[in-house]
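Architecture and fold: a report
Here are the chains, one letter per residue:
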Amino acid sequence: MLTTRRLLALALVSAAVFVWQLPRLWPLVPLGKALDPAAQEAAAQAHLVREGVPIQGFRAAAELAIDDLALDHADSLLGRSATLALADRQWLVGTAVTFKRRGSPDVIVAWVDPRGRVSRWLWMRQDDDSAGTADSASAARMAFAALDRVTHDTIAAPWTLIGASIRERPRRVDRTFTVERVVDASHGLKERASLTVSGNVVSGVLRNLVVPDDARRARTAAQAPTIVLSSIGVLALAAGIIVAFGILLRGLRDGSAQIGPPARVAALVFAGVVATFFLEPAWLQQVWEPLWPWITAPLLGLQRIGLTNAWLGLVLFTVIAAGDAEDRRAGANRAASLWRAVAGHWRDPEVGRAAWQGWLVGLLCGGVMAGSVALLQSGVGAPTALQPRGFFVKVLDAWSPSLTALLFFTSVALAEELGYRLYFGTWIERLTGRRWMAIWGPALLYGLTHTNLDFLPPAGPFWARPLVLTLVGATWGWAFFRYGALTVVLSHLTADLFIFNWPRLANGDWSHTASAAAVIVLPLVPALVARRASQRPPQ
């Protein structure tokens, strides 16, 4: 039997392996000042002012801008070290700063690189704006001068004009010049820029790494097995949810289903997910129509997010209530400490013990992921993709990354563990009478439904990611039957907080590192509360 001391020792070893492997699991592109939205907004504003773009009175919001397709293409051609160097001095990674002003229909976007320099920008003007007229030669001079001001690298290859177009607007003439240059001649890697002059004013300098059509087609074709595996998982998940409705209805008839605790958890998950959107300034900026008052942005956002997630909340309630009914019918009471924790009874020794065990199991799962990925890397050369992307970006885009990480991944941990383990695990065990099937069945389902998440390692071959996540899911399945639902929820939360705070931990800035480290230990708070309560003398 795995005692607490043995679990502690195993968790510490797993944590050491996990931390050691973090740079290989999630190799990071240079982020630099991208983690300082205020500095990026100031750099964007200063550059646009120098370009003569009127941004006085505009509201700014910053978000990470990662060109995943170009980054992966460069990585496949140049290799990891050359791609990282390219990302550090080029436009593949940075911050998109969007400017809007109440009453103005124009939208202005400037992309700032990790060193705090604008690498491209666009002023989306209305067609009926008047901006004078410049002849082709004058427009070309203005456009190339603007391009020089956003080119901060040492590439010696000259720009070559490959196209020019003219478009008649109601009150001006727009001219667009398309140019290319060679970034790496040995691999045929090129950069393309589109320069737009609206009348006699430059209105955009857009740059991108050229990804050939054959590379795009090959990438799309390679996604087919991943789509198949993910679809199988989603379809199986949907079938299980349909069964959950039947279990809930039966539980309501025979009195084995309770409404209150599952409803509270589903409401917490719903509220946590919705709240994270309102912690993202760029998302609110995107929702806002500047011809309307600012108050319309949160109202419209709440409408969109609320309607999108309301039915998911209902489904989640059904699954949790069905899992709880199966758990109660079996007399296992594996969700008991979870319901006490949700009700605020953190002084309960069972809640404290589950929190401590959950934190240790979270470290253990990190070791399982790190070890399995390392074996796949050495055995079949499984690659890992450059980060951040996906959920990493959601955390980094928030005005409070720590609060966003805590809210979002608490919601994720509750939804997934109560779904995969409390419902599917309990149901399968009662259906088959075999514990190993109750552990590995939901684990396989978990692995399949996460096949498409490209922010999780490894990046290939197509079967590797679901395999790794199935192993992690089996670890959570074992912990569920050994310790209970609260333990696996907090272990999932611990693992996610470790993973998705990694860019802030590795940033090198003490404030980012300290706040990220602080949020990672928060799942231990119930354990500390329970321990302190146990040390108080009886009244």
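Before going into details, it helps to say that this report is about the structure given with it.

So, how was this worked out
- Residues numbered from 1 in each chain as written.
- Predicted model: local features only at pLDDT ≥ 70, side-chain atom pairs only at ≥ 80, totals over all residues.
- Heavy atoms only, no water.
- Helix = DSSP H or I, 4+ residues; strand = E, 2+ residues; numbered from the N terminus.
- Rg over C-alpha atoms; globule rule 2.2 N^0.38 Å.
- Buried < 20%, exposed > 50% of the residue type's maximum accessible area, 1.4 Å probe, protein only.
- Areas by Shrake-Rupley, 256 points an atom, 1.4 Å probe, with all protein chains shown as cover.
- Lys, Arg positive; Asp, Glu negative; His and termini not counted.
- Charge placed at Lys NZ, Arg CZ, Asp CG, Glu CD.
- Axes fitted to C-alpha atoms, helices over the stretch in contact; angles between N-to-C directions.
- Parallel < 35°, antiparallel > 145°, perpendicular 65-115°, else oblique.
- Left-handed = near helix turned anticlockwise from the far one by under 90°.
- Contact = heavy atoms within 4.5 Å.
- Nonpolar A, V, L, I, M, F, W, Y, C, P; charged D, E, K, R; others polar.
- Core = buried A, V, L, I, M, F, W, Y, C linked by side-chain atoms within 4.5 Å.
- Pairing = 2+ DSSP bridges.
- Salt bridge = Lys/Arg side-chain N within 4 Å of Asp/Glu carboxyl O.
- 1 Å grid on protein atoms, 1.4 Å probe; cavity = no way out; pocket = protein on both sides within 12 Å on 5 of 7 lines; lining within 4 Å.
- Points joined across faces, edges and corners; volume = space filled by probe spheres on them.

Things to note about the overall build of the chain
Counting its secondary structure elements, the chain contains 20 helices and 8 strands. For the chain, the C-alpha radius of gyration of 26 Å lies close to 24 Å, the compact-globule estimate for 539 residues. Seen through its principal axes, the chain has C-alpha atoms that stretch 85 × 55 × 50 Å. Relative to its 539 residues, the chain shows a buried fraction of 53%. Total accessible area on the chain is roughly 23,500 Å²; 62% of this is exposed by carbon and sulfur atoms. Taking the average place of the 51 positive charges on the side chains of the chain and the average place of its 39 negative ones, the gap between the two points comes to 7 Å.

Looking at unusual backbone geometry
That bond from Q387 to P388 is cis: its omega, 15°, falls within 30 degrees of zero. As for its placement among the helices and strands, P388 is situated in the loop between helix 12 (349-380) and helix 13 (391-396). Following P457, the chain continues into P458 via a peptide bond in cis, with omega recorded as -10°. By the element assignment, P458 lies in the loop between helix 15 (435-449) and helix 16 (464-483). Residues other than glycine seldom take positive phi values, yet N333 does so here, at roughly 55°. Within the secondary structure layout, N333 lies in the loop between helix 10 (296-330) and helix 11 (336-342). On the basis of relative accessibility, which here comes to 48%, the residue N333 falls in the partly exposed class.

Focus: the packing of helix 12 against helix 16
When two helices pack together, their arrangement is given by the angle between the helix axes and the distance between those axes. Running from amino to carboxyl end, helix 12 crosses helix 16 at an angle of 155°, the nearest separation of the two axes being 10 Å. Taken together, the axes of helix 12 and helix 16 are roughly antiparallel relative to one another. In the packing of helix 12 onto helix 16, the handedness of the crossing is right-handed. Where helix 12 approaches helix 16, its residues Q357, V361, L364, C365, V368, M369, S372, V373 and L376 are matched on the opposing element by A464, L467, V468, L469, L471, V472, T475, W476, W478, A479 and Y483. Of the residues in the contact of helix 12 with helix 16, the class split is 17 nonpolar, 3 polar and no charged.

Points about the nonpolar core
Among the nonpolar cores identified, the biggest contains 91 residues, and W26 and L418 are the most heavily contacted of them. Counting 29 residues, the second-largest nonpolar core is a separate cluster that includes A44, V118, A140 and V197.

Observations regarding the sheet that holds strand 3 (residues 107-112)
Pairing in this open sheet of 8 strands is antiparallel, and the strands run 1-2-3-4-8-7-6-5 from one edge to the other. Edge positions in the open sheet fall to strand 1 (59-66) and strand 5 (160-168), since each of these has one partner strand only. The average angle at which neighbouring strand axes cross in this sheet is 20°, direction not considered. Here 8 bridges tie strand 5 to strand 6 (residues 173-184), and the two strands are oriented antiparallel to one another. Of the residues in strand 6, the one forming a bridge with T160 is E180. Here helix 3 (residues 68-78) sits on the sheet and contacts strand 1, strand 6, strand 7 (189-198) and strand 8 (201-209); the angle it forms with strand 7, its principal contact strand, is near 150°. Against the sheet, helix 5 (residues 136-148) contacts strand 6, strand 7 and strand 8, and its axis sits at roughly 45° relative to strand 6.

Observations concerning the pattern of salt bridges
For the coordinates displayed, the defined rule picks out 24 salt bridges. Between D72 and R389 there is a salt bridge whose closest N-O contact spans 3.0 Å. Of this pair, D72 sits in helix 3 while R389 is found in the loop between helix 12 and helix 13, placing the two residues 317 residues apart along the sequence. By relative accessible area, D72 is classed as partly exposed at 21%. A salt bridge links R430 to E326; its shortest N-O distance comes to 3.0 Å. Residue R430 is located in helix 14 (residues 401-432), and its partner E326 is located in helix 10; the two are separated by 104 residues in the primary sequence. Since its relative accessible area comes to 0%, E326 is described here as buried. A single salt-bridge network, built from bridges that share partners, covers R250, D254, E326, R329 and R430.

Topic: the pairing of strand 3
The element strand 3 is extensively covered by neighbouring structure, given that 6 of its 6 residues are classed as buried. Of the two faces of strand 3, the one lined by V107, V109 and W111 and the one lined by I108, A110 and V112 are each fully buried. Here 5 bridges tie strand 2 (residues 93-100) to strand 3, and the two strands are oriented antiparallel to one another. Directly across from T95, in strand 3, lies its bridge partner V112. Judged from the 6 bridges that link them, strand 3 and strand 4 (residues 118-124) form a sheet pairing that is antiparallel. What sits directly across from V109, in strand 4, is L122. Taking the residues that link successive antiparallel strands as the turn, the strand 3-strand 4 hairpin has 5 residues, and the phi of G116 there is positive, at about 85°.

Quick notes on the layout of surface pockets
Considered as a void within the structure, the largest pocket measures approximately 1,100 Å³ in volume. Residue lining of the largest pocket: 41 residues in total, with S411, V412, A415, E416 and Y420 positioned closest to the centre. A total of 8 residues in the lining of the largest pocket trace back to one element, the largest contributor, which is helix 14. Volume-wise, the second largest pocket comes out at about 750 Å³. If one sorts the elements of the lining of the second largest pocket by residue count, helix 3 sits on top with 5 residues. Considered class by class, the residues forming the lining of the second largest pocket number 12 nonpolar, 8 polar and 7 charged.

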